[in-house]
Amino acid sequence: MTETLDIKITKTTTSRLAQTDFTDLPFGKIFSDHMLVADYADGEWKNFEIVPYGEIGLSPAISALHYGQAFFEGIKAYKHADGKVSIFRPEMNARRFNKSAERLCMPELPEDIFVQSIAALVDFDRDWIPRNANHALYIRPFMFATDPFLGVAPSSTYKFMILTCPVGPYFSKTLRVKIETHYTRAAEGGMGFAKSAGNYGGAMLPARKAVEEGFDQLIWTDAKEHKYVEEMGAANAMFVLDGKLITPSTGENTILKGVTCDTVMALARDWGFPVEQRRVTVAEILEGAKNGKLTDAFGAGTAATIAPVGSIGHNGEEYFLSDPKTREFSQKVLKTLDGIRYGNAPDTHGWNYMV
Ligand SMILES: *Cc1c(COP(=O)(O)O)cnc(C)c1O
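Overview of the structure. In this text the structure is predicted, and so the values were computed from the model without any measurement.

**Points about the packing of helix α6 (residues 259-270) against helix α8 (residues 328-341)**
Then, number 1: With their axes 11 Å apart at the nearest point, α6 and α8 run at an angle of 105° to one another. As summarised for this structure, α6 and α8 are arranged roughly perpendicular, according to the angle between their axes. Of the residues in α8, those touching α6 at T263, V264, L267 and A268 are F329, V333, T336, L337 and I340.
Then, number 2: Taken together, the residues of the contact of α6 with α8 sort by class into 7 nonpolar, 2 polar and no charged.

Dropping the structure here:
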């Protein structure tokens, strides 16, 4: 049985909605009027509240800041033409939220409470969900440790919070990506599968170096040999090679199990398109780029949606792919996904959680 979550609501007295320019929404910089906050203490979650978005007071000794007991999720809500609102597959994020929590020795949050918290906040700030094409409300749930204690030990108190941001398209251009052969994002036995804050801090220097070399994104490879493709920045790497959809297997726990990647694989299967989730070698991707058998390559993620790769750099060489507008597979995925998320096509898998 699902219990209805009791949430205390304090409405803002100074809404920023009217002065927000919905035609200019840089990713993650504009926040909706409200946020959700809850506390974990004495072994239970309590004090669920929706409050005006703003600063919160914290001890400078909290272990989230010193030892990285912190992780997050990323989800989107969409406004349909008839005004209805849907959140895309939040149960998947609820499950992954708890996988991250477990790996970081942090408390789990019951899946239905996670989903109800998101739905309540999205519903309360539903006027913040953009109506324009390719726009959405980005939802950022996160949890962090709050014990004011400098010992290296799991905290006994935590905060769960949710912020929301109206957003437009994340990448506006075709990506020039670099296959990383020096730095590593995650190793076997590590926490690559968790959306833990530390994974992203460690990725910033390699990503900045790639940008200095003229690239937009990195393709991460395995920590041992740099021979296998893992992910693309904060998106999963997907390819169409020799007429098959190919994406790296997540069995080694170094790769984040993306909701978007899972969705793309499900659509491909619906269409009878062959899908292979297996180890993907850098060599076969580069070979495919050279001989023309690599007909599609993109990053798949909630923030980025489907981000087409235009060229791939590897050890000083650059391999160019076809014009993304001419790519059958990713164009069809984008069209189908948009149809479902914006309520213009039947949601046969039940992916839309209606608010
Ligand atoms: C969030 C994320 C993804 C994409 O996951 P989605 O659930 O599709 O948003 C892929 N890789 C990394 C490293 C990520 O952080």
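And the narrative resumes.
**Overview of the pairing of strand β8 (residues 158-167)**
Then, number 1: Counting buried positions along β8 gives 10 out of 10 residues, so the element sits mostly inside the fold.
Then, number 2: The alternating pattern of β8 places Y158, F160, I162, T164 and P166 and K159, M161, L163, C165 and V167 on opposite faces, both of which are buried.
Then, number 3: Across 5 bridges, the pairing between strand β2 (residues 34-41) and β8 is antiparallel. Paired with Y40 across the strands is Y158, a residue of β8.
Then, number 4: When strand β7 (residues 136-145) meets β8, the two strands line up antiparallel, connected through 10 bridges.

**Description of the packing of helix α2 (residues 90-103) against helix α3 (residues 111-124)**
Then, number 1: Viewed as axis vectors pointing N to C, α2 and α3 meet at an angle of 125°, and their least axial separation amounts to 9 Å. Relative to α3, α2 is oriented oblique. Between α2 and α3 lies a crossing of right-handed hand. Residues P90, E91, N93, A94, R95, F97 and N98 of α2 form the contact with α3, whose participating residues are E111, F114 and V115.
Then, number 2: Residues belonging to the contact of α2 with α3 are distributed by class as follows: 5 nonpolar, 2 polar and 3 charged.

Definitions and cut-offs
- For every chain, the first residue of its written sequence is number 1, and the numbers climb from 1 along that sequence.
- Where totals are concerned, whole chains, interfaces and linings use all residues; where local detail is concerned, this predicted model gives features only for residues with pLDDT of at least 70, and gives and counts side-chain atom pairs only at 80 or more.
- Hydrogens and waters are ignored; side-chain quantities use all the structure's heavy atoms.
- For helices, the fitted line uses only the C-alpha atoms of the stretch in contact; every axis is such a line through C-alpha atoms, and the angle between N-to-C directions lies from 0 to 180 degrees.
- Going along the chain from the N terminus, every DSSP run of H or I of four or more residues is numbered as a helix, and every run of E of two or more is numbered as a strand.
- Between 65 and 115 degrees an angle is taken as roughly perpendicular, under 35 as roughly parallel, over 145 as roughly antiparallel, and anywhere else as oblique.
- In this analysis, two residues are considered to be in contact whenever any of their non-hydrogen atoms come within 4.5 Å of each other.
- Classification convention: Asp, Glu, Lys, Arg as charged; Ala, Val, Leu, Ile, Met, Phe, Trp, Tyr, Cys, Pro as nonpolar; all other residues, Gly among them, as polar.
- For every residue, the accessible area obtained with a 1.4 Å probe (protein chains only) is divided by the maximum for its type, and the residue is called buried under 20%, exposed over 50%, and partly exposed between those limits.
- The rule for pairing is simple: two strands pair if DSSP sees at least two bridges between them.
- Handedness of a crossing follows from how the near helix is turned relative to the far one, being left-handed for an anticlockwise turn of less than a right angle and right-handed for a clockwise one.

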